[in-house]
Amino acid sequence: MPHNTLLTQSLAWKDLEIHYQQIKGLHLRDLFREDRLRGNRFSVEACGLMLDYSKNRIIHDTVTKLVSLATARNLKPAVEDMFQGKLINKTEKRAVLHTALRNRANTPIMVDCKDIMPDVNSVLDKMKLCANKIRSGEWTGYTGKPIRNIVNIGIGGSDLGPSMAYESLKYYSQRNLTIRFISNVDATHFKEQTHDLDASETLFIVASKTFTTQETMTNAYTAREWILTNMQHEEAISKHFIALSINTEAVVEFGIDATNMFEFWDWVGGRYSLCSAIGLSLMIAIGPDNFEQMLEGFHAMDCHFRETPFDQNLPVILGLLGIWYNNFFRTESHAVLPYDQYLTRFPAYLQQLDMESNGKSIDQDGRAIGYQTGPIIWGEPGTNGQHAFYQLIHQGTKLIPADFIGFCQSHNDCGDHHNKLMANFFAQTKALAFGKTGDMLMKENTPQELIPHKTFEGNRPTNTIMAVELTPYTLGTLIALYEHKVFVQGVIWNIYSFDQWGVQLGKELASNILPELNDGIYDKHAHDSSTINLMKYYLDNNI
Ligand code: F6P
């Protein structure tokens, strides 16, 4: 939906600018002191997630004004356009329908006058059959041995989704299966991920929407060689390779039987593809029932996002708070800090989701943008981060809003580990919000010269997201929460969140440079002096 009014000239935006000047100096210490119920007032529960956003630098009016901004930017119709399959990815002329992949209500969703749900369901059924065959040992390799090792070859959305979700749900995985992921074109990744595997028990899943991505195809051909070297027979390919793609022709050309191909569709964006066939390695690991539980979680959050008023809507609230800091406080980055070791890859997954979606500087009307868009997303699981970069969040010169994610129950009950983890979880957001004043330090008899160093200014904003346990369902809700948060921000910034033209140039230049490296001769006229020097150094020493 085009916005002809520039965002920063809209009334809602100007109102927020004035409001920002009025409240930017307020301290969370005072806001909590003045309103004893602030913790209750700024918290929402939905889909099994509890969001406490009271430790943000906001007052009631801030939320009202941010919601008005969302309304003025036509967020509601934009959400409907996405769910209904309108061509909202205009630069690629595609619908954006990852929500159809987990449409558990099975209501018809039309693309080009055709209901896509029968196709979605039939691929899901085919995935279940395949996963069960592998899990039960019925799928045997070329020599007749059951498959025990699953290696997903893919990159970006064809890697980060399944690898993050596999790590997150490892507790639910079938432990006699080894699940590995190869993404980097660096041969080290392939070698290290396969060196201890028996080829006769190994199945490669080549995951690539386009089936043309250089890194993935290079690794896939190396895998093909590896299987052929070990099996000596071309027929082994059909037993040891599966493809997940929308490009049947390229899959067949690679030598993978079309029956071993699981399709998806161009209306599934790479970074939104976990619920499609791209999730096959995950389904093999955790089983179809758990995979479907995850889809249920996604669907619950989809419905919540579509149906709930903005001021109670988790993705909308998170999206608006992100805009509040990014555009008014002018923060540059946003930390995601999961207090659960299983979520170790969650920040990396969110990096692609958010930064590839909203790392744009041209608006939907083709104009250069004069305001900040997508933030830098980063993070590590707690408590490791506490002993590394939290110092800067607490006392550095940069304001870094952060999401803390934690669970009431651990899958791994062991002494008081979980209470210790969660004590840190609660302590950190408290310390960030309230800090420690010079007066408090004096009362503790802190030496005068140390007082400035030991003072914590506080007023560092955080969201806290909690759930009972990290189940497949919970993971689904969490991922969908962030997907829709990114959508909300994209709509408000009036950018296209579902293309990624910014990754093209590097790919093109690499394909020009590659033949020069292969031939050992560089074209002096094709490059700048820096690139020539670097290539020369490489070629001189790559002997
Ligand atoms: O990095 C660009 C990108 O196109 C991502 O958007 C995508 O997830 C990734 O490459 C992999 O693409 P494919 O699945 O087509 O191999």
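Here, every reference points to the structure presented above.
Bear in mind the structure is a predicted one, so any value in this text is a computation, not a measurement. (Residues numbered from 1 in each chain as written. Predicted model: local features only at pLDDT ≥ 70, side-chain atom pairs only at ≥ 80, totals over all residues. Heavy atoms only, no water.)

Student: Describe the overall build of the chain, naming the residues involved and giving the relevant values.
Tutor: In terms of helices and strands, the chain carries 22 helices and 13 strands. Computed over the C-alpha atoms, the radius of gyration of the chain is 25 Å, within 12% of the 24 Å expected from 2.2 N^0.38 for a compact globule of 543 residues. Overall, the C-alpha framework of the chain stretches about 75 × 60 × 55 Å when taken along its three principal axes. Counting across all 543 residues of the chain, residues that qualify as buried make up 54%. Intrachain contacts of the chain at a sequence separation of at least 6 include 74% that bridge at least 24 residues. A total of about 24200 Å² of accessible surface is found on the chain, and carbon and sulfur atoms cover 52% of it. Counting 49 positive and 61 negative side-chain charges, the chain places the averaged centre of each group 6 Å from the other. (Helix = DSSP H or I, 4+ residues; strand = E, 2+ residues; numbered from the N terminus. Rg over C-alpha atoms; globule rule 2.2 N^0.38 Å. Buried < 20%, exposed > 50% of the residue type's maximum accessible area, 1.4 Å probe, protein only. Contact = heavy atoms within 4.5 Å. Areas by Shrake-Rupley, 256 points an atom, 1.4 Å probe, with all protein chains shown as cover. Lys, Arg positive; Asp, Glu negative; His and termini not counted. Charge placed at Lys NZ, Arg CZ, Asp CG, Glu CD.)

Student: If you had to explain the sheet that holds strand 12 (residues 402-407) to someone new, which residues and values would you point to?
Tutor: What holds strands together in a sheet is hydrogen bonding between their backbones, with the strands either parallel or antiparallel. Spatially, 6 strands are ordered 1-2-13-12-10-11 in an open sheet, and the strand pairing comes out mixed. The outermost strands of the open sheet, each flanked by one partner alone, are strand 1 (43-46) and strand 11 (376-378). With strand direction ignored, the average angle separating the axes of adjacent strands in the sheet is 15 degrees. Seen against the sheet, helix 17 (residues 417-434) touches strand 12 and strand 13 (462-467) and runs at an angle of roughly 155 degrees to strand 12. Of the strands in this sheet, strand 2 (49-52), strand 10 (333-338), strand 12 and strand 13 are in contact with helix 20 (residues 472-493), which crosses strand 12 at around 165 degrees. (Pairing = 2+ DSSP bridges. Axes fitted to C-alpha atoms, helices over the stretch in contact; angles between N-to-C directions.)

Student: A description of unusual backbone geometry should follow, citing residues and the corresponding values.
Tutor: Cis peptide bonds are those with omega within 30 degrees of zero, and the linkage from G382 to T383 qualifies with 5 degrees. Structurally, T383 can be placed in the loop between strand 11 and helix 16 (390-395). Positive phi, normally seen in glycine, also occurs at N74, with a value near 60 degrees. With a phi angle near 55 degrees, R330 is a residue other than glycine that sits in the positive phi range. Judged by its relative accessible area of 63%, R330 is exposed.

Student: A description of the nonpolar core should follow, citing residues and the corresponding values.
Tutor: Counting residues in hydrophobic clusters, the biggest one holds 123 residues, and the most contacted among them are W267, W324, F346, L478, Y482 and F487. Sort the elements by how many residues they give to this core and helix 20 lands first, with 12 residues. Setting aside chain neighbours within four positions, we find Y482 in contact with V336, F346, L350, L353, D403, I405 and I465. Ranked by size, the runner-up nonpolar core spans 25 residues in total, among them I182, A223, W226 and I256. (Core = buried A, V, L, I, M, F, W, Y, C linked by side-chain atoms within 4.5 Å.)

Student: Describe the pairing of strand 5 (residues 149-153), listing the residues and the values that go with them.
Tutor: Taken across its 5 residues, strand 5 has 5 buried, putting it largely inside the fold. In strand 5, alternate side chains face the same way, and those of N149, V151 and I153 on one face and I150 and N152 on the other are all buried. The sheet contact formed by strand 5 and strand 7 (residues 202-207) spans 5 bridges and is parallel. By the bridge assignment, N149 is partnered in strand 7 with T202.

Student: How would you summarise empty space enclosed by the protein if you had to cite specific residues and measurements?
Tutor: Per the stated rule, a full pass over the model turns up 4 cavities of 30 Å³ or more. Reported here for the largest cavity is a volume of approximately 80 Å³. Around the largest cavity, the lining residues are G322, Y325, N326, T331, E332, S333, H334, P375, P401, K485, Q489 and W493. Elements supplying a minimum of two residues to the lining of the largest cavity: helix 14 (314-329), strand 10 and helix 20. The class makeup of the residues in the lining of the largest cavity is 4 nonpolar, 6 polar and 2 charged. (1 Å grid on protein atoms, 1.4 Å probe; cavity = no way out; pocket = protein on both sides within 12 Å on 5 of 7 lines; lining within 4 Å. Points joined across faces, edges and corners; volume = space filled by probe spheres on them. Nonpolar A, V, L, I, M, F, W, Y, C, P; charged D, E, K, R; others polar.)

Student: How would you summarise the packing of aromatic side chains if you had to cite specific residues and measurements?
Tutor: Overall, the coordinates contain 32 aromatic pairs when judged by the stated rule. Ring plane angle 85 degrees and centroid distance 5.1 Å describe the contact between F32 and F434, whose orientation is recorded as edge-to-face. Remark: F434 occurs in helix 17 and F32 occurs in helix 2 (residues 28-34); sequence separation between them is 402 residues. For the pair F32 and F434, a shared accessibility class is recorded, and that class is buried. Measuring from centroid to centroid gives 6.4 Å for F190 and W226, while their planes differ by 85 degrees, and the two rings are edge-to-face. You can see F190 sitting in helix 8 (residues 187-194) and its partner W226 sitting in helix 9 (residues 214-231), a full 36 residues away along the chain. Of the two residues, F190 and W226, both sit in the buried class. These aromatic residues form a ring-pair network of at least three members: W13, Y20, W324, Y325, F328, F329 and Y371. One Lys or Arg, K126, reaches over the ring of F262 and ends 4.8 Å from the middle of that ring. (Phe/Tyr/Trp six-rings, centres within 6.5 Å; stacked < 30°, edge-to-face > 60°. Lys NZ or Arg CZ within 6 Å of the ring centre and 35° of its normal.)

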